[in-house]
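Letter by letter, the chains look like this.
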Amino acid sequence: MGAPERTEDLLRTLAPQVLGALVRRYGHFDLAEDAVQEALLAAAVQWPQAGRPDNPRGWLIKVGARRLTDLLRAEEARRRREETAYALTPRDEFYAPAPGESRAPSEDDTLTLLFLCCHPALTPAAQTALTLRAVGGLTTAEIARAYLVPEATMAQRISRAKQRIRAAGGHFRAPAPEDRAARLGAVLQILYLIFNEGYTATSGSRLQRVELAREAIRLTRSLRALLPEDGEVAGLLALMLLTDARRAARTAPDGSLVPLAEQDRGAWDREAIAEGVALVSDALRRTPLGPYQLQAAIAAVHDEAARPEDTDWREILGLYRLLARIAPSPVVTLNEAVALAMVSGPRAGLDLLATVAGDPHLADHHRLDAVRAHLLEQAGERAEARAAYGRAAERALSVPEKRYLQTRAARLR
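Small disclaimer: the values here were computed from a predicted structure and weren't measured.

Asker: I'd like to hear about the environment of Gly 276, residue by residue, with values.
Answerer: Within the element layout of this structure, Gly 276 appears in helix 12 (residues 270–286). The class of Gly 276 is buried, set by a relative accessible area of 0%. Each C-alpha atom, one on Gly 276 and one on Ala 296, is 7.8 Å from the other, the two residues being 20 residues apart in sequence. Other than its neighbours up to four places away in sequence, Gly 276 contacts Ala 238, Leu 241 and Leu 242.

Asker: Describe the side chain of Glu 401, with residues and values.
Answerer: Relative to the helices and strands, Glu 401 resides in helix 19 (residues 399–411). Despite being buried, Glu 401 has no salt bridge partner; Arg 250 is the closest side chain of opposite charge, sitting 6.3 Å away. The contact partners of Glu 401, leaving out residues within four places of it in the chain, are Thr 200, Ala 201, Leu 207, Leu 257 and His 366.

Asker: Could you give an account of the nonpolar core, naming the residues involved and the relevant values?
Answerer: Phe 29, Leu 60 and Leu 223 are the most contacted members of the largest nonpolar core, which totals 85 residues. No other element matches helix 9 (residues 177–199), which puts 10 residues into this core. In this view, Leu 60 contacts Leu 11, Leu 14, Val 18, Ala 39, Leu 40, Ala 43 and Trp 47; residues no more than four positions away in its chain are not counted. Judged by nonpolar contacts, the second largest core, of 37 residues, contains Ala 297, Leu 362, Leu 376 and Ala 393.

Asker: Go over the environment of Glu 384, please, and point to the residues and values.
Answerer: Position of Glu 384 among the secondary structure elements: in helix 18 (residues 382–395). The sequence separation of Glu 384 and Ala 373 amounts to 11 residues, and the corresponding C-alpha distance is 7.4 Å.

Asker: Please give an account of the packing of aromatic side chains that cites residues and values.
Answerer: Summed over the entire model, instances satisfying the criterion amount to 3 aromatic pairs. Summarising the aromatic geometry, the rings of Trp 47 and Trp 59 are spaced 5.3 Å apart at their centres and angled 70° between planes, so their arrangement reads as edge-to-face. With Trp 47 in helix 2 (residues 29–50) and Trp 59 in helix 3 (residues 56–75), this residue pair connects regions lying 12 residues apart in the sequence. Judged by relative accessible area, Trp 47 falls into the buried class, the value being 4%. On the numbers, 5.8 Å between centres and 10° between planes, the contact of Phe 195 with Tyr 199 is stacked. On the criterion of helical spacing, the pair formed by Phe 195 and Tyr 199 is a turn pair, its members being 4 residues apart in helix 9. As far as burial versus exposure is concerned, Phe 195 and Tyr 199 are alike and both buried. Here the basic side chain of Arg 246 rests over the ring of Trp 268, its NZ or CZ set 5.9 Å away from the ring centre. Positioned above the aromatic ring of Tyr 199, the side-chain terminus of Arg 250 is 3.8 Å from the ring centre.

Asker: Describe the pattern of salt bridges, and please don't skip the residues or the numbers.
Answerer: Taken as a whole and assessed by the stated rule, the structure comprises 22 salt bridges. Across the salt bridge formed by Lys 162 and Asp 34, the nearest N and O atoms sit 3.0 Å from each other. Placement of Lys 162 in helix 8 (residues 151–167) and of Asp 34 in helix 2 is noted, with a sequence separation of 128 residues between them. Accessibility expressed as a relative area gives 7% for Lys 162, which makes it buried. The partner of Arg 347 in a salt bridge is Glu 381, with the nearest N and O atoms 2.2 Å apart. Of this pair, Arg 347 sits in helix 16 (residues 346–353) while Glu 381 sits in the loop between helix 17 (366–378) and helix 18, and the two are 34 residues apart along the sequence.

Asker: I'd like a description of the packing of helix 14 (residues 313–326) against helix 15 (residues 330–344), backed by residues and values.
Answerer: At a closest axis distance of 9 Å, the pairing of helix 14 and helix 15 adopts a crossing angle of 150°. In terms of their interaxial angle, helix 14 and helix 15 are classed as roughly antiparallel. Crossing geometry of helix 14 relative to helix 15 is assigned as left-handed. Counted together, Trp 313, Arg 314, Ile 316, Leu 317, Tyr 320, Arg 321, Leu 323 and Ala 324 of helix 14 and Val 332, Asn 335, Glu 336, Ala 339, Leu 340, Met 342 and Val 343 of helix 15 form the full contact between these two elements. Taken together, the residues of the contact of helix 14 with helix 15 break down into 11 nonpolar, 1 polar and 3 charged.

Criteria and thresholds
- The written sequence of each chain sets the order in which its residues are numbered from 1.
- Reporting in this predicted model follows two pLDDT cut-offs: at least 70 for local features of residues, and 80 or more for side-chain atom pairs to be given and counted; totals over whole chains, interfaces and linings ignore these cut-offs and use all residues.
- Hydrogens and waters are ignored; side-chain quantities use all the structure's heavy atoms.
- Here a helix means four or more residues in a row that DSSP labels H or I, a strand means two or more in a row labelled E, and each is numbered from the N terminus.
- Burial status follows relative accessibility: with a 1.4 Å probe on protein chains alone, a residue under 20% of its type maximum counts as buried, one over 50% as exposed, and anything between as partly exposed.
- It only takes one pair of heavy atoms within 4.5 Å for two residues to be counted as in contact.
- For this count, His and the chain ends are skipped, Lys and Arg are scored as positive, and Asp and Glu as negative.
- We define a salt bridge as a side-chain nitrogen of Lys or Arg found within 4 Å of a carboxyl oxygen belonging to Asp or Glu.
- Residues enter a nonpolar core if they are buried and are Ala, Val, Leu, Ile, Met, Phe, Trp, Tyr or Cys, with the set joined through side-chain atoms within 4.5 Å.
- Put simply, two rings from Phe, Tyr or Trp (the six-membered ring, in Trp's case) pair if the centres are within 6.5 Å, and we call them stacked under 30 degrees between planes, edge-to-face over 60, tilted for the rest.
- For a ring to carry a charge above it, either NZ of a lysine or CZ of an arginine must fall within 6 Å of the ring centroid while also lying within 35 degrees of the normal to the ring plane.
- Axes here mean lines fitted to C-alpha atoms, for a helix over just the part in contact, with angles spanning 0 to 180 degrees between N-to-C directions.
- Note on angle classes: values under 35 degrees are labelled roughly parallel, values over 145 roughly antiparallel, values of 65 to 115 roughly perpendicular, and the remainder oblique.
- Helix crossings fall into two classes, left-handed where the near helix is turned counterclockwise from the far one by less than a right angle and right-handed where it is turned clockwise.
- The nonpolar class holds Ala, Val, Leu, Ile, Met, Phe, Trp, Tyr, Cys and Pro. Asp, Glu, Lys and Arg form the charged class, and all remaining residues, Gly among them, are polar.

Dropping the structure here:
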């Protein structure tokens, strides 16, 4: 990994910490987010040339605080705002702490920021977009691609979300227990979206963005420490661990995608698998059943199979059918179709797939044609499979996925 890429990874990790520090001290979430973005841009330009500062987080807070002060001056009297901002900023925040000392706040600013982004005044779409920007560190363009909308539309959505939080009087503090419960579903969904973007990037030349997946796991661990008795929090953490355990085997040395059935299972992270299995087993025993627990249970069945042929597809099919009852979605049906094909043959899977062929949520997505192609290939319908792989490749935005689908099509000529 080159120096520019290392800097990008560090900035992505520091961004929510710096934003949390500024919002905690000054409030003004919308202006603070703008100030942090400018500080990140300054770092991306200056650090590769001048060298990384000894205290990158303090450097970003200093630059962000200066920019925030400028923005605040534009809203109120220059002298009063400048004096207030100066008085609120601890001077030692701009310097590296002494050896052995830490200035980390007692609470996790990033987690508090996550709940703020899930303010009930926002729609679920706005909550997710704002969190992916402020906490996940994704650019507006990346979020727009994930939502399949123009970048300008997503920029307006994020801007309106920040303004709505300000108008609703959102404050940077840990939510009360009743508010936390109301926002938890949105928080879990957002964490899972951040993880998925890290595990399989929606676009670009890399299949995986490891820093995002790790950040999602870190945040979910923090959330579980806050809510240790919640089964769905445990289920989501288990799902992430069991899925991320396969990361090292998902790409070949040239960066190309390796499908599950062809992966070197000796490269899977057995420690992560053991932790994930323990988490979901405990949650299933003692808490109400939820969709994240079921997805984690499915991942556990895959991970515990020593060889692809040892996979218990009947158990997986039963779990998907249960998931389809409590949390139906076209994506669940796609996965259920694959499991059904493994149990009852590809034609049965294709018949089930046909039930979601007209779903508008899948109309422009590559996964429907990719699954159809896979099942057609299993059924021996090579020409139809090749055409479906071709359509899926045209729609795929991720370069590794596009190349994989093109390779599969070429093998059927």
